[in-house]
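What follows is the residue order along each chain.
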Amino acid sequence: MEIEALKDLIAGQESDMFAFLEKLVNTESGIDQISGVNQVGTIISQWCESIGMTTRTIPHDQAGDLLIAEYKTSENKDQKPIVLSGHMDTVFNADVTKNHHFRLLADKPGFAKGAGLMDMKGGLVIAMYVVKNLIEMGYQKHPLSLIFIPDEETLHRYSDTRQEMIGELQDAALMLNFEPTPTFDKIVVGRQGGMMLNVTVEGVQGHSGMEVEIGRSAVVELAQKVIALESLTDIPRKKLINCGIIKGGVSANTIPGSAKGNFSLRFPNQTIKEEIIADIERVIPEPYIADTTTKFEIESGVDAMVYTDKVDQLADHYLATADKMGYGPLTKVESQGASDASLASLVDIPVVDGLGIVGTGAHTLEEEADLTSLRPRVALSIQAILDL
Ligand SMILES: [Zn+2]
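Residues numbered from 1 in each chain as written. Predicted model: local features only at pLDDT ≥ 70, side-chain atom pairs only at ≥ 80, totals over all residues.

## Observations regarding the overall build of the protein
- The secondary structure content of the protein amounts to eleven helices and 18 strands.
- Counting only C-alpha atoms and orienting by the principal axes, one finds that the protein spans roughly 85 × 45 × 40 Å.
- The proportion of buried residues among the 388 residues of the protein is 46%. (Helix = DSSP H or I, 4+ residues; strand = E, 2+ residues; numbered from the N terminus. Buried ≥ 20, exposed ≤ 12 C-beta atoms within 10 Å, placed from the backbone.)

## Topic: helix 3 (residues 34-50)
- Here helix 3 is 17 residues long and its end C-alpha atoms lie 24 Å apart, about the 24 Å a rise of 1.5 Å per residue gives.
- In the core, the buried residues of helix 3 are packed alongside helix 2 (14-25), strand 1 (54-58), strand 2 (66-71), helix 5 (117-136) and strand 6 (144-149).
- Of the residues flanking the end of helix 3, it is Gly52, one or two places downstream, whose phi is positive at about 95°. (Expected span 1.5 Å × (residues − 1). Contact = placed C-beta atoms within 7 Å.)

## Quick look at the UniProt feature "domain: Peptidase M20 dimerisation" (unreviewed entry) in the protein
- When the UniProt feature table is mapped onto this chain numbering, "domain: Peptidase M20 dimerisation" (unreviewed entry) sits at residues 189-290.
- Across residues 189-290, helical content stands at 26% and strand content at 35%; the span's end C-alpha atoms are separated by 47 Å. (UniProt positions renumbered as here; feature names shortened; annotations may be inferred.)

## What about unusual backbone geometry?
- With an omega of -10°, the peptide bond running from Asp119 to Met120 counts as cis.
- Going from Gly328 to Pro329, the amide bond is cis rather than trans, its omega being -10°.
- Turning to its location among the elements, Pro329 is positioned in the loop between helix 9 (309-325) and strand 15 (331-335).
- Positioned with a positive phi, Asp32 is a non-glycine residue whose angle comes to about 70°.
- Given 12 C-beta atoms within a 10 Å radius, Asp32 is considered exposed.
- A positive phi is found at Asp291, a non-glycine position, where the angle reads about 70°.
- By the secondary structure assignment, Asp291 is in the loop between helix 8 (270-283) and strand 14 (293-302).
- For Asp291, a count of 12 C-beta atoms within 10 Å translates into the label exposed.

## Digging into helix 7 (residues 218-230)
- Relative to the 18 Å expected for 13 residues at 1.5 Å per residue, helix 7 spans 18 Å between its end C-alpha atoms, a close match to the ideal helical length.
- For helix 7, every residue scored as buried is listed here: Ala218, Glu221, Leu222, Lys225 and Leu229. End-on, the buried residues of helix 7 take up no more than an arc of 95°, which puts them together on one face.
- Turning to helix 7, the residues buried within the fold contact strand 9 (193-202), strand 11 (240-248), strand 13 (258-267), helix 8 and strand 14. (Arc of directions from axis to C-beta.)

## Examining the pairing of strand 7 (residues 174-177)
- Burial along strand 7 is two-sided: Leu174 and Leu176 and Met175 and Asn177, pointing in opposite directions, are all buried.
- Where strand 3 (residues 82-87) and strand 7 come together, four bridges link them in parallel fashion. Within strand 7, the position partnered with Ser85 by the bridge is Asn177. (Pairing = 2+ DSSP bridges.)

## Quick notes on the sheet that holds strand 3
- Strand order in the open sheet formed by six strands is 1-2-6-3-7-16, with mixed pairing between adjacent strands. Because the sheet does not close on itself, it has two edges, and the strands there are strand 1 and strand 16 (351-352).
- The sheet contact formed by strand 7 and strand 16 spans two bridges and is parallel. Residue pairing in the sheet places Leu176 in a bridge with Val352 of strand 16.
- Each of strand 1, strand 2 and strand 6 is contacted by helix 3, which is oriented at about 10° to strand 2, the strand it contacts most. (Axes fitted to C-alpha atoms, helices over the stretch in contact; angles between N-to-C directions.)

## Some words on the environment of Asn133
- As for its placement among the helices and strands, Asn133 is situated in helix 5.
- On the neighbour-count criterion, Asn133 (22 C-beta atoms within 10 Å) is buried.
- Counting along the chain gives 54 residues from Asn133 to Ile187, while the straight-line C-alpha distance between them is 22 Å.
- Not counting the four nearest positions on each side in its chain, Asn133 is found in contact with Leu9, Ile10 and Ile382.

## Focus on the sheet that holds strand 5 (residues 111-113)
- Read across the sheet, four strands follow the order 4-5-18-17 without closing on themselves; strand pairing throughout is antiparallel. Pairing within the sheet leaves two strands with one partner each, and these edge strands are strand 4 (103-104) and strand 17 (358-360).
- Here helix 5 sits on the sheet and contacts strand 5, strand 17 and strand 18 (368-370); the angle it forms with strand 18, its principal contact strand, is near 35°.

## Brief notes about the environment of Gly64
- Along the chain, Gly64 turns up in the loop between strand 1 and strand 2.
- Note on Gly64: 27 C-beta atoms within 10 Å, which makes it buried.
- Separated by 94 residues in sequence, Gly64 and Tyr158 have C-alpha atoms that sit 9.7 Å apart.
- If sequence neighbours within four positions are ignored, Gly64 has contacts with Ile34, Val37, Asn38, Gly41, Met88, Asp89, Pro150 and Asp151.

## Examining the packing of helix 9 against helix 11 (residues 374-386)
- Orientation of helix 9 relative to helix 11, taken along the N-to-C sense of each, is 115°, at an axis distance of 9 Å. Along this stretch, helix 9 crosses helix 11, giving a crossing that reads as right-handed. For the pair helix 9 and helix 11, contact is made by His317, Tyr318, Thr321, Ala322 and Met325 and by Ala379, Leu380, Gln383 and Ala384, respectively.
- Classifying every residue of the contact of helix 9 with helix 11 gives six nonpolar, three polar and no charged. (Left-handed = near helix turned anticlockwise from the far one by under 90°. Nonpolar A, V, L, I, M, F, W, Y, C, P; charged D, E, K, R; others polar.)

## Thoughts on the nonpolar core
- By size, the foremost hydrophobic cluster in this structure holds 91 residues, and its most contacted members are Leu124, Met175 and Val352.
- Beyond its immediate chain neighbours, meaning those up to four positions away, Val352 contacts Leu176, Ile187, Val188, Val189, Val311, Leu314, Ala315 and Tyr318. (Core = buried A, V, L, I, M, F, W, Y, C linked by C-beta atoms within 7 Å.)

In structure tokens:
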């Protein structure tokens, strides 16, 4: 199909996309709204079946269900699927849509607000319309899968989503993630991963004048370890260790018997993540002051979306497609925010992110999106898939 014809075709679907987006935004799927997430999943899976996809879910007790919609034909059933992904949950509390439902902005034509509109129900609609149009065009080269995640915002803490996604993505050709983007001209090629480290030091409390021989300062012990760990920060390699909180002691004239530190740890890939864990395991248990003991706990956090050569190639393909369509130039960016694009890195398949709606104010009630971005975003990913 000619590029102009493709653009016209998608333009004709704009009002349907807006209506669908309104329905999704007004179906709340916030934190703790498991049934809301599943309601969003049901609306989407019925729509997917109506366009000829097969759907299935993987249920969770303490999170919404993982939704997988697939389109496969006898011609391509042996090919690897292209996965288009997004998350159905939002960060908001119940009843948020009473005041923050989907609404067009009278003073800003083409723009809308609504809780969850930009992060990321807009992206879900874009991914769905990409697949719908490819099916209608008779696209055969690869099977197409929509995988919609129920619990990105809680980092899959209450489900096995991460493990299930590794299973789903293992045999995929590539993954396209439709998180929002602040401006049209960016494509996300990398995201940092992160963990938390909690350290607890036990020393021996004592009077700071009379018990100096028996007192063992937990604060001094912790301070040594903060310095030892932070000195391993390596900014050029994006290995970042920060102790953000320390607490310890009871009064200025008491040798502190206990102290606690909370660290944030950031990394661009699995190798540096493991390096940081090895640093912690080496530095933390080793006492500087005799008779102190230090314990630690690492909270798993998020994986990194690793900027690999495969990712770069896929991003270049998008850049070339955007240029050819008159949407360019696009710039490749590494983002500080986390997303499920990192799941593709766990199985080392190509992935790009930020293909969703253009907007601002993610995770705030002021979320705002440029509805006119839906059309070019849908057309761009259709053309990119056609040209692969
Ligand atoms: Zn998001």
